[in-house]
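As a plain string of letters, each chain reads:
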Amino acid sequence: MEDEAEIFEGLRSQFPLSFGKQSKSETPLELIHNATRRATAAATTSTAVNTDKPSASTSSDKANAFPSLSNSSKGWLDSLKNSNPRNPKKKAKEDELIGPPRRPVSSEEDGPAIIGPPRPPPGSGVVDEDEDDEPVIGPRPGGDGEDDEPMVGPPRPPPGGDGEDDDDGPMIGPPRPPPGRMVSDSDEDTDEEDEDSGYRIPLSNEIVLKGHTKVVSALAVDHSGSRVLSGSYDYTVRMYDFQGMNSHLQSFRQLEPFEGHQIRGLSWSPTADRFLCVTGSAQAKIYDRDGLTLGEFVKGDMYIRDLKNTKGHISGLTCGEWHPKAKETILTSSEDGSLRIWDVNDFKSQKQVIKPKLSRPGRVPVTTCTWDREGKRIAGGIGDGSIQVWNIKAGWGSRPDIYVANGHTDDITGLKFSSDGLTLLSRSFDGSLKVWDLRQMKEALHVFDDLPNHYAQTNIAFSPDEQLFLTGTSVERESTTGGLLCIYDRAKLELVSRVGISPTFSVVQCAWHPRLNQIFATVGDRHEGGTHILYDPTISERGALVCVARAPRKQSVDDFQAQPVIHNPHALPLFRDQPSRKRQREKILKDPLKSHKPELPINGPGHGGRVGSTKGSLLTQYLLKQGGLIKETWMEEDPREAILKYADVAAKDPKFIAPAYAETQPEPVFAKSDSEDEEK
């Protein structure tokens, strides 16, 4: 028995440990992301993505391209493998500085052998004068320059590594590719990215959040990137949760704030526990994170002319935004020509009323409004094309600190401050995007034209590092170009990329989330709407990556769902209540056949075989009258004589009342005619 056990163990050692075990059949992430890959991603991102950075495929090719190593170099390779794989920054520097080792030459091949330790890695700062494959004898060059003693053993790791992290275990497999630096946890990685000349724009893959029946006009993504709000012209707001969604991409809640009013704006609070909903009505609503109504602001008195004396807006809202720092403050703009600052703890009245400066008296609508990054300035776009900025300070009022009379030639649809407070972007119906320097607002720094815009909610968005900014375009009737997402360089003020989002739908709202590193773009028309999410699996995090890889739950044979019972007692005649007799009589009276209702006389000329009422309702009457057999003499008779001609007949043969009173009835005495007295 012992011999058989030894033989079995010997045979078992020849097979891998996973032999005989059935692995779970899972769809690899590569196939999932290939299914969501955009068809034009390669052509679109060719000008935007930095190709100098190594990818996962190139790094794996380099790893597979390593030759068989000699015994003299295994120790040096093991020292590299023992480096910390969990430190991406250190690993990236090692991949850039060290590179692959020099190919060793075995004793069987021609050429001199390498004597001594291997040469230093390229890029370490040591200049090798002898580039030929000559033997290296003596101490190893390199080092920090502090000591001139010869180095014994493998080469030192590159500077900047921590000795404590070197004992985490050997790294198995090819070296990891450097992680995407667009979304970093430190400012050092951002500085390194700024030094590179290329852009890492997440455009390779795309998913669509559907559900709306009209164009999506409002978009809001919370600060953590877990929930998305989309509002549409179909009067509804849909809520999406990346953590709870599967690959079907369905919303978990649908709201209708005001019946019959379009959604014009959505904004999360700084703590992401509440959100603001702005519709075409005069009252804004506040909801909690789960979509439950917390309150709505009061509506003002429309018969008061001075807007500062009203408690709220008196016309439809156009825009609204939550304060970026204070969780109790909200800014709204309206068609009544005012901006108002609200306190969410008091829905009955506003805190401040701002009346913009107008070139002519009257009420001009305020089409858009926004806060700056610190919440110390407010910008408003006025219907006359002017841009006005107010600084929030002690004793401030409605007088703007910055006033640009002719900012645009049409209504302004979007304004956006930069985080440094030096740049202001504006978007308008006139098909232009203008870049303004807040220190010199007389003229725009640059104007980007040929950007058609047909929606009042078209906005502008910055990239996370604010090196780029982007906006959407609308579809024109006679144009063959669909809805585009145009990306521009802020420093060079030039077009970087033009991304085709939809061939038939217009792009309205756009956003570039800093934590997810994903681009959101809302599209739609009169019949359909959706939200496109652009991402890249190599540089994006969470968000769309979470829900796309989560397959829907499979139906089990043990699943049971009770079918609902529909109670409809009047579906069959057996269960119907007998109608009352009153209703039966009314029904019979309405039926001309059952009620034997006579035919009504015809007014005017006859039709359908009937003669008009002017010559008799029956055909026989009409013929007798025409032949003279029936003569109508009542028009020529005296009514008194017509009655008295029956007096002799009534006296001789009384029938009704006269026989009962014959004995007691006095003799009637008739008045004599006046004509006889006059003749006498």
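Residues numbered from 1 in each chain as written. Predicted model: local features only at pLDDT ≥ 70, side-chain atom pairs only at ≥ 80, totals over all residues. Heavy atoms only, no water.

### Let's talk about the overall build of the chain
The condition that has to hold: Think of it this way: any DSSP run of H or I at least four residues long counts as a helix, any run of E at least two long counts as a strand, and we number them from the N terminus. Each residue is placed in one exposure class: buried if its accessible area under a 1.4 Å probe, protein chains only, is under 20% of its type's maximum, exposed if it is over 50%, and partly exposed if it falls in between. Should any heavy atoms of two residues lie within 4.5 Å, those residues are considered in contact.
A tally of helices and strands in the chain yields 13 helices and 28 strands. Relative to its full complement of 680 residues, the chain shows a buried share of 37%. In the chain, of all internal contacts separated by at least 6 residues, the share reaching a separation of at least 24 is 51%.

### Some points on the side chain of His513
Going by this rule: The term polar contact refers here to a pair of N or O atoms within 3.5 Å; inside protein, the definition further demands a hydrogen-donor-capable atom paired with an acceptor-capable atom, and it admits residues adjacent in sequence only when both atoms are side-chain atoms.
Looking at where His513 falls in the secondary structure, it is placed in strand β26 (residues 506-513). A relative accessible area of 6% means that His513 is categorised as buried. In terms of polar contacts, His513 uses its side chain to reach the backbone amide nitrogen of Leu516, at 3.3 Å. When sequence neighbours within four positions are dropped, the list of residues in contact with His513 reads Val221, Asp222, His223, Ser224, Gly225, Pro464, Gln518 and Phe520.

### A word on the pattern of salt bridges
The criterion, for reference: Note on definitions: salt bridges are taken to be side-chain nitrogens of Lys or Arg within 4 Å of carboxyl oxygens of Asp or Glu.
Applying the stated rule across the entire model yields 13 salt bridges. Between Arg439 and Asp437 there is a salt bridge whose closest N-O contact spans 3.2 Å. Linked through salt bridges whose partners overlap, the residues forming this network are Arg227, Asp241 and Asp290.

### Describing the packing of aromatic side chains
Aromatic ring pairs are defined here through the distance separating the ring centres and the angle between the ring planes. Threshold: The aromatic pairing rule takes the rings of Phe, Tyr and Trp, using the six-membered ring of Trp, and pairs them if the centres are within 6.5 Å, calling planes under 30 degrees apart stacked, those over 60 edge-to-face and the rest tilted.
Enumeration according to the criterion identifies ten aromatic pairs in this entry. With 5.4 Å between their ring centres and 15° between their planes, Phe275 and Tyr287 make a pair best called stacked. Placement of Phe275 in strand β7 (residues 274-279) and of Tyr287 in strand β8 (residues 285-288) is noted, with a sequence separation of twelve residues between them. Like Phe275, the residue Tyr287 is buried in the burial classification. Pairing Phe448 with Tyr488 gives two aromatic rings, centres 4.2 Å apart and planes at 40°, and the pair type is tilted. On the criterion of sequence distance, the pair formed by Phe448 in strand β21 (residues 446-448) and Tyr488 in strand β24 (residues 483-489) is long-range, its members being 40 residues apart. By relative accessible area, which is 7% here, Phe448 ends up buried.

### Concerning the UniProt feature "repeat: WD" (unreviewed entry) in the chain
Definition in use: UniProt positions are given in the numbering used here, feature names are shortened, and annotations may be inferred rather than shown by experiment.
As annotated by UniProt and renumbered to match this structure, "repeat: WD" (unreviewed entry) occupies residues 209-243, 310-352 and 405-446. This span, residues 209-243, is 0% helix and 60% strand, and a straight line between its end C-alpha atoms measures 14 Å.

### A word on the environment of Ile392
In this fold, Ile392 is placed in the loop between β16 (387-391) and β17 (402-404). Among the residues examined, Ile392 registers a relative accessible area of 31% and is labelled partly exposed. Sequence-wise, Ile392 and Gly375 are 17 residues apart; in three dimensions their C-alpha atoms are separated by 8.3 Å. In this structure, Ile392 is in contact with Trp371, Gly375, Lys376 and Ile378, ignoring residues within four places of it in sequence.

### Structural notes on the nonpolar core
Heads up, the condition is: In plain words, nonpolar cores are sets of buried Ala, Val, Leu, Ile, Met, Phe, Trp, Tyr and Cys residues tied together by side-chain atoms within 4.5 Å.
Counting residues in each nonpolar core, the largest one holds 19 residues, and the members touching the most others are Ile201, Leu470, Leu485 and Ile519. If you list the elements that add at least two residues to this core, you get β23 (468-472), β24, β25 (494-502), β26 and β27 (518-524). Here Ile519 is in contact with Ile201, Pro202, Leu203, Leu470, Leu485, Ala511, Trp512, His532, Ile533 and Leu534, once residues within four sequence places are set aside. Listed in part, the 18 residues of the second largest apolar core include Ile207, Leu249, Phe520 and Tyr535.

### Remarks on the sheet that holds β24
For clarity, the cut-off: For two strands to pair, DSSP has to find at least two bridges joining them. Here the axes come from fitting lines to C-alpha atoms, over the contacting stretch only for helices, and the angles between their N-to-C directions go from 0 to 180 degrees.
Here we have four strands laid out as an open sheet, ordered β22-β23-β24-β25, and antiparallel in their pairing. Two strands lie at the open edges of the sheet, namely β22 (460-462) and β25, each paired on one side alone. On average, adjacent strands in this sheet sit at an angle of 20° to one another, irrespective of strand direction.

### Details of the sheet that holds strand β1 (residues 205-212)
With antiparallel pairing, four strands are arranged side by side in an open sheet as β1-β28-β27-β26. One side of each edge strand has no neighbouring strand; the edge strands of this open sheet are β1 and β26. The sheet shows a mean angle of 20° between the axes of neighbouring strands, direction not considered.

### With respect to the state of the cysteines
Threshold: Note that a disulfide, as used here, is simply two cysteine sulfur atoms within 2.5 Å.
Within the structure shown, the criterion is met by zero disulfides. Of the cysteine sulfurs around Cys510, a residue in no disulfide, the closest is that of Cys486, at 9.8 Å. A residue is classified by how much of its surface remains accessible, and Cys510, at 2% relative accessible area, is buried.

### A short note on the environment of Ala220
With respect to the helices and strands, the residue Ala220 is situated in strand β2 (residues 216-221). You can call Ala220 buried: its relative accessible area is 7%. Placed 291 residues apart in sequence, Ala220 and Ala511 show a C-alpha to C-alpha distance of 8.4 Å.

### Regarding unusual backbone geometry
One non-glycine residue with positive phi stands out, namely Tyr235, at about 75°. Positionally, Tyr235 belongs in the loop between β3 (227-232) and β4 (237-241). In this structure, Leu493 is a non-glycine residue whose phi angle is positive, near 55°.

### A look at the pairing of β7
For β7, the buried fraction is high: six of the six residues fall into the buried class. Neither face of β7 is exposed, since Arg274, Leu276 and Val278 on one face and Phe275, Cys277 and Thr279 on the opposite face are all buried. In this sheet, β7 lies alongside strand β6 (residues 263-268) in antiparallel orientation, the contact comprising five bridges. Residue pairing for β7: Trp268 is matched across the bridge by Phe275. Where β6 hands over to β7, the hairpin turn is made up of five residues, of which Ala272 adopts a positive phi near 60°. In the sheet, β7 pairs with β8 via four bridges, with the strands oriented antiparallel. By the bridge assignment for β8, Cys277 is matched with Lys285. A loop of five residues connects β7 with β8, the two strands running antiparallel in sequence.

### Topic: the confidence of the model for the chain
Quick note on the threshold: For every residue, the predictor reports its confidence as pLDDT, a number between 0 and 100.
In this model, the chain carries an average pLDDT of 76, and 65% of its residues clear a pLDDT of 70 or more. Here residues 41-73 is a poorly scored stretch, pLDDT under 50, and it has 41 contacts once near neighbours within four places are set aside; other chains count. Low pLDDT (under 50) marks residues 180-197, which in the prediction has 29 contacts with non-local residues, meaning those over four places away or in another chain.

### Side note on a negative patch on the surface
Rules: Like-charged residues within 9 Å of one another, or nonpolar side chains (Val, Leu, Ile, Met, Phe, Trp, Tyr) within 5 Å, are grouped into patches, provided each residue has over 30% relative accessible area and no salt bridge. Per-residue accessibility takes into account occlusion by the displayed protein chains alone, with areas from the Shrake-Rupley method and a 1.4 Å probe. For the purpose of counting charges, residues Lys and Arg are taken to be positive, whereas Asp and Glu are taken to be negative. His and the chain ends are not included. In this description, the location of a charge corresponds to atom NZ of lysine, CZ of arginine, CG of aspartate or CD of glutamate.
A cluster of acidic residues, Glu636, Glu637, Asp638 and Glu641, forms a negative patch at the surface. Considering the arrangement of structural elements, one finds Asp638 in the loop between α10 (619-627) and α11 (639-644). For Asp638, a relative accessible area of 38% corresponds to the partly exposed category.

### Examining the side chain of Thr36
Mapped onto the secondary structure, Thr36 falls in the loop between α2 (29-35) and α3 (41-44). For Thr36, the side chain forms a polar contact with the side chain of Asn205, separated by 2.9 Å. With residues up to four places along the chain from it excluded, the contact list for Thr36 reads Asn205, Glu206, Ile207, Tyr535 and Val548.

### A few points about the environment of Leu451
Take Leu451: it is sitting in the loop between β21 and β22. On the accessibility criterion, Leu451 (3% relative accessible area) is buried. Sequence separation between Leu451 and Phe429 is 22 residues; the distance between their C-alpha atoms is 9.1 Å.

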